[in-house]
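Single-letter residue listing:
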Amino acid sequence: MILCLYLTGMRPQEVQGLRSGCCPDPEPTADGAAGRHLIRSRHYKNVTDEDGNHISAGEDRDIPWVAITPVVHAIRVLERMVPDGELLLSAGHHAFASKRGHHGALKGGALNDQIERFVVWVNREATSLGLSHQTIPEDPHGASGMSRFRRTLAWHIARRPAGLIALAIQYGHMRTVLDARTSSGYASRSQRGLHSVLDVETALAAADTAARLSDRMASGERISGPASRRAIAAAATTPRFEGRIVPAKFAGKAARFLARDGVVLYDNPDAFLICAFKHDNALCEPEPGATAPRQYACRPGCGNTVRTDTHARQLRTRADEIDQMAAAAPGPLGNRLRANSERLRATADAHDTTAQPAEALT
Ligand code: SF4
């Protein structure tokens, strides 16, 4: 349940409505490549009859959800626990305390309770294995709950392009899948799917990046990279978001903002740069029509790159960390690590040589 919520962007009710057999293994494509796993199920939001009354039973969704590998595995596990065609989260098969009188899927309260129990289990395992840094801390905003996963997925896709989170590649992959919105029809505009949540989160992240760049320039940091001028202009015109109250209409504004090719700034902490994304310059090969870079596939030498003095400092700090690892690594691996740290230092040196104050670039 957590994997399905976390990695598909489905709403809680939609996950509760999944049935065994909803995600068959795909046929290979015409060119022999593996096809994508698709989940076919029901959706409930905004489903109405011809008189405009909400249909609580929902309807089959025209457009399937795309399932990445961990989700397919989760569904396969659940399919071993329930009969063919049964709800994957059937109360009759998962409510162990009493099986009498359970119909339909487990209710939201029971599933929220399971999430809390999962947190307790993770923390107990982490403590017993001496991995206290991997415990899940108490959340000041209250229990996790099913409804928070969708926004969290969008947050990770928008702000953690690679590296620090366990499923970074899958998140990057999700962005690619979602960005192919016109070609794949996945969660199309008419369905409003995850796009609007992702657009809002991406626009907020881009605004934060622009604000940070402005602050750094105001404090005297220099800037380098082929997209410096564009980034400075973008930072000057991107609005700041002091709070996080997002009105309903903001999703449309966010999508229009992100469609302005060349002026949206994407933070890429793993490549130690800001990406002033212009589709035609991008070396990371975004899908045709994509409004965001494939940051996890960032390539050196791209014309969208911008760096500040802070990035150069971070590059050197990272190079020092890699050297420490190299000192403890066997021969060939140590050599590769040292080559990597030298490359990072050379990038920092190139910044120092070419960087200019913002005033000189405007
Ligand atoms: S390759 Fe270019 S467009 Fe792609 S993420 Fe890196 S800087 Fe941005």
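Residues numbered from 1 in each chain as written. Predicted model: local features only at pLDDT ≥ 70, side-chain atom pairs only at ≥ 80, totals over all residues. Heavy atoms only, no water.

1. Overview of the overall build of the protein chain
To keep things clear, this is the line we draw: Note on conventions: DSSP H or I runs of at least 4 residues are helices, E runs of at least 2 residues are strands, and numbering of each starts at the N terminus. We call two residues in contact whenever any of their non-hydrogen atoms come within 4.5 Å of each other. To measure how exposed things are, a 1.4 Å probe is used in the Shrake-Rupley method; for residues, cover is taken only from the protein chains shown.
Per the secondary structure count, the protein chain includes 14 helices and 9 strands. Nonlocal contacts in the protein chain, meaning residues at least 24 apart in sequence, comprise 62% of its contacts between residues at least 6 apart. For the protein chain, the computed accessible surface area is about 19400 Å², with 54% contributed by carbon and sulfur atoms.

2. Re the pattern of salt bridges
As a reminder, the rule being used: What makes a salt bridge here is a side-chain nitrogen of Lys or Arg within 4 Å of a carboxyl oxygen of Asp or Glu, nothing more. Using a 1.4 Å probe on the protein chains alone, a residue whose accessible area is under 20% of its type maximum counts as buried, one over 50% counts as exposed, and one in between counts as partly exposed.
Following the criterion strictly, the structure yields 14 salt bridges and no others. When the shortest N-O distance is used, the salt bridge between Asp-349 and Arg-316 registers 2.5 Å. Of this pair, Asp-349 sits in helix α13 (residues 331-354) while Arg-316 sits in helix α12 (residues 309-327), and the two are 33 residues apart along the sequence. Looking at Arg-316, the relative accessible area reads 27%, which means it is partly exposed.

3. Some thoughts on the sheet that holds strand β8 (residues 305-308)
The line we're drawing: When DSSP locates at least two bridges between a pair of strands, those strands are taken to pair. In this analysis an axis means a line fitted to C-alpha atoms, helices contributing only their contacting stretch, and an angle means the value between N-to-C directions, from 0 to 180 degrees.
If you trace the 5 strands from one edge of the open sheet to the other, you get β6-β7-β8-β5-β9, paired in antiparallel fashion. Bordering the open sheet on either side are β6 (264-268) and β9 (356-357), each of which pairs with just one other strand. Here 2 bridges tie strand β5 (residues 222-224) to β8, and the two strands are oriented antiparallel to one another. Residue pairing across strands places Ile-223 opposite Thr-308, the latter belonging to β8. Taken strand by strand, α12 contacts β5, β7 (273-277) and β8, and its axis lies near 85° from that of β8.

4. Observations regarding the confidence of the model for the protein chain
For clarity, the threshold we go by: Each residue gets a pLDDT score, which is the predictor's confidence in that residue and runs from 0 to 100.
This prediction gives the protein chain a mean pLDDT of 83; 85% of its residues lie at or above 70. In the model of the protein chain, helix α8 (residues 181-184) stands out as the element of lowest mean pLDDT, 43, in contrast to β8, which has the highest, 97. Below pLDDT 50 for its whole length, residues 163-169 participates in 10 contacts with residues either more than four positions away or in separate chains.

5. With respect to the state of the cysteines
Inclusion rule: Cysteine sulfur atoms that pair up within 2.5 Å are treated as a disulfide.
Going through the model one piece at a time under the given rule, you end up with 0 disulfides. The structure places no disulfide on Cys-22, whose sulfur is separated from the nearest cysteine sulfur, that of Cys-23, by 5.8 Å.

6. Details of unusual backbone geometry
Non-glycine residue Phe-272 carries a positive phi angle of around 55°. The backbone of Glu-285 shows a phi angle near 55°, a positive value even though the residue is not glycine. Relative to the helices and strands, Glu-285 is located in the loop between β7 and β8. Classification of Glu-285 as exposed rests on a relative accessible area of 55%.

7. What about the packing of helix α6 (residues 149-159) against helix α9 (residues 195-218)?
Relative orientation and spacing of two packed helices are given, respectively, by the angle between their axes and the distance between those axes. Test applied: Angles below 35 degrees are treated as roughly parallel, those above 145 as roughly antiparallel, those between 65 and 115 as roughly perpendicular, and all remaining angles as oblique. Should the near helix be turned counterclockwise from the far one by less than a right angle, the crossing is left-handed, whereas a clockwise turn marks it as right-handed. We call Asp, Glu, Lys and Arg charged. Ala, Val, Leu, Ile, Met, Phe, Trp, Tyr, Cys and Pro are nonpolar, and the rest, Gly among them, are polar.
One way to put it is that α6 packs onto α9 with a least axis distance of 8 Å and a crossing angle of 45°. The orientation of α6 relative to α9 falls into the category oblique. In terms of crossing hand, the pair formed by α6 and α9 is right-handed. The segment α6 lies against α9, with Arg-150, Arg-151, Ala-154, Trp-155, Ile-157, Ala-158 and Arg-159 engaging Val-197, Leu-198, Glu-201, Thr-202, Leu-204, Ala-205 and Asp-208. In the contact of α6 with α9, the residues fall into 8 nonpolar, 1 polar and 5 charged.

8. Considering the side chain of Ser-228
Checked against the element boundaries, Ser-228 lands in helix α10 (residues 228-237). A relative accessible area of 4% means that Ser-228 is categorised as buried. Apart from residues lying up to four places away in sequence, Ser-228 is in contact with Ile-223, Val-306 and Leu-361.

9. Here we look at the packing of α9 against α10
Two numbers describe how α9 lies on α10: the axes approach to 8 Å, and their chain directions differ by 105°. Viewed along their axes, α9 and α10 adopt a mutual orientation that is roughly perpendicular. Here α9 contributes Ala-210, Leu-213, Ser-214 and Met-217 to the contact with α10, which in turn contributes Ala-231, Ile-232 and Ala-235. A breakdown of the residues in the contact of α9 with α10 according to their chemical character gives 6 nonpolar, 1 polar and no charged.

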